[in-house]
Structures are given as structure tokens and as C-alpha cells.
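# Breakdown of the fold
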Amino acid sequence: MSDKYAVIGNPIAHSKSPLIHHAFAKESDQSIAYTAELIPLDGIEAGLDTLQQKGFKGLNVTVPFKEQVWQSLTDKSERATLAGAVNTIVFNDDGSRYGDNTDGVGLCLDLTQNHGIDLANKRILLLGAGGAARGVIQPLLAFQPAQLTIANRTLRKAQTLAALFNHLGPIRAASFEQLTDNFDLIINATSASLRGDVPPIPSASISSQTFCYDMMYSNTDTAFIQWAKKHQAVKTSDGLGMLVEQAAESFRLWRGIKPNTQTVIDLLRQ
């Protein structure tokens, strides 16, 4: 019988995770069943209990439960603790639950392996100071950039994040108005582009050498990518590769095998 896995969230019908993980399983000759499970907004505790009792081996977690599952876990990875959120759960045979966060690893793998970006000594601008931004700061700093600047509409939120991670590398906070330099890499960690908006960053932040990356993904260019192209960014990308790479890291945690991601990225791009 196939081992059972699922992605949980609310809403969840739009999730590409079942397609991704079944593609990984086929490519790596693993027998799994992977479903999307809708959890009531006030029912995360009962939802986890039910799925574990049904024999599920692990879960991916998406909005709005990435922070909510925190209290229900036996143990967490260091990167999940720093991220303040969990996107991968392992149900162990002894009934315990292990939580990890693979988002930051997924972003960095997409940037470095799929796009060939060397993050060392780069000046990186991270837009936003919410959960999506927090989840990727530690992995980005591990590549030893020259500086990581967190810019946010509310400066205090950016300052709080910078203070939380400043022991890991050169990090600073700024409001959008305080940005005066240009950057090698700009990462949009806000959801603004899905609403057709772009954070109000000055055009001076971007040069002809700037790579612009939107952690959101869409079938057409997001508002942020449209803005980047208009200002002659050297290259742009949405977050589809990050989605696949973070899923591959989850798959590795569950199955002990790191699947090939490029074929799955190509499949989703079609």
C-alpha cells in the first residue's frame, strides 16, 4: 500500500502540491498517495489528529496554518524555529510530530541552481516583513551576502526582523522611502503583486545589473515582474521554481531521496 501524504490549508483546491509530489514519486520510483485536504479555519488541532490517526506519514502546510501548527508539534528544526512557521510535518512511527520549514531552502536553491545566481557578497533587498520574508532570511544570510536589507511599509516590523537575525550576518532595516542605493538582487516577499500592486520602492533601487525575483507565481507576469521589466532589470523570475524546490526538500525529508526538480518545473511551465 502507498504511503499517504497531504497538503493542508484553507483554501486548498488550487494547490499544485499533489501534481508536484506525484511527479517526484514517478520520477524517483516511490509509491505514495498525495492529496489536498481542506481543514476548517478553527480546526487545525482536530485536523492533525485525524490525519495522523488515518496513517498519514507527513504533511505540507500552507496558509493560514503555518504558524498555527506550532503548538501541535513535538519537535522543530532550527530553521523552522527561526522562521517562526512550519510548512512540512513528519509523523513519526512513535506518534511524535516533527516540523520543518523548507521555504528558504527552496528559494535559495531556485536562485543558485536554477538561475545560477551567486549570492555571496551580493547586495540583496527583501521586500516585506511578514511570514514569507521571515522564512527566507536565515537561508539567505547563510550564503554570506554583502548586505541584506529588509524594506517594509511599516519600518518597525522590518527593524524587529533585522534585530532577530542580526547575529547571523549583515542585515539592516529600511522604509521604502529610505532606499537610495541600487541592489544586485531584489526579492518580493509581499503578496502585493497578486493584487496588482507593487511596493513603492524608488526606481533607483534597480539597475541594468539587478535580478528581480517575485516569491509569488502566476501564469502571466506579476505586477512586480512587470515593474522590473519596465525598469530594465537584467533578469526576472516568479516563485514557481521556489515552490518546486521547497516541495523537493519536503520530499527528501519524508522519503530520504532528493528528486530532480527541473523536469517538474518544466511540466508546470507548460
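This is a predicted model, so every value here is computed, not measured.

## Considering the sheet that holds strand S3 (residues 56–61)
- Taking strand neighbours across the sheet as the criterion, the 6 strands line up as S2-S1-S3-S5-S6-S4 in an open arrangement whose pairing is mixed. For this open sheet the edge positions go to strand S2 (32–38) and strand S4 (75–76), each flanked by a neighbour on one side alone.
- This element, helix H8 (residues 240–255), spans strand S1 (3–9), S2, S3, strand S5 (88–91) and strand S6 (97–100) of the sheet and lies at about 10 degrees to S5.

## Quick notes on the packing of H8 against helix H9 (residues 262–269)
- Relative orientation of the contacting elements H8 and H9 amounts to 135 degrees, with a least axis distance of 10 Å. Looking at the two axes, H8 sits oblique to H9. Relative to H9, the crossing made by H8 is right-handed. Contacts between H8 and H9 involve Leu240, Gly241, Val244 and Glu245 from the former and Val264, Ile265, Leu268 and Arg269 from the latter.

## Observations concerning the sheet that holds strand S7 (residues 123–127)
- Pairing is parallel in the open sheet, where 6 strands are placed in the order S9-S8-S7-S10-S11-S12. Strands at the two margins of the open sheet, each flanked by one partner only, are strand S9 (171–175) and strand S12 (235–237). The sheet shows a mean angle of 20 degrees between the axes of neighbouring strands, direction not considered.
- Where strand S11 (residues 211–214) lies against S12, 3 bridges are found, and the strand directions are parallel. Note on S12: the bridge partner recorded for Tyr213 is Ser237.
- Lying over the sheet, helix H6 (residues 155–165) contacts strand S8 (147–152) and S9, oriented at roughly 180 degrees with respect to S9.

## A word on the pairing of S11
- Neither face of S11 is left uncovered, since the one carrying Phe211 and Tyr213 and the one carrying Cys212 and Asp214 both have all their residues buried.
- Bridge count between strand S10 (residues 185–188) and S11: 4 bridges; the pairing is parallel. Among the inter-strand pairings, Leu185 is bridged to a residue of S11, identified as Phe211.
- Note that the unit made of S11, helix H7 (residues 223–230) and S12 has a crossover that is right-handed.

## Digging into the pairing of S9
- Across 5 bridges, S8 lies against S9 in parallel orientation. The residue of S9 that forms the bridge with Ala151 is Ala174.
- In this fold, the crossover linking S8 to S9 by way of H6 has right-handed handedness.

Criteria and thresholds
- Residues numbered from 1 in each chain as written.
- Predicted model: local features only at pLDDT ≥ 70, side-chain atom pairs only at ≥ 80, totals over all residues.
- Heavy atoms only, no water.
- Pairing = 2+ DSSP bridges.
- Helix = DSSP H or I, 4+ residues; strand = E, 2+ residues; numbered from the N terminus.
- Contact = heavy atoms within 4.5 Å.
- Axes fitted to C-alpha atoms, helices over the stretch in contact; angles between N-to-C directions.
- Parallel < 35°, antiparallel > 145°, perpendicular 65-115°, else oblique.
- Left-handed = near helix turned anticlockwise from the far one by under 90°.
- Buried < 20%, exposed > 50% of the residue type's maximum accessible area, 1.4 Å probe, protein only.
- Right-handed = clockwise from strand over helix to strand, strands pointing away.

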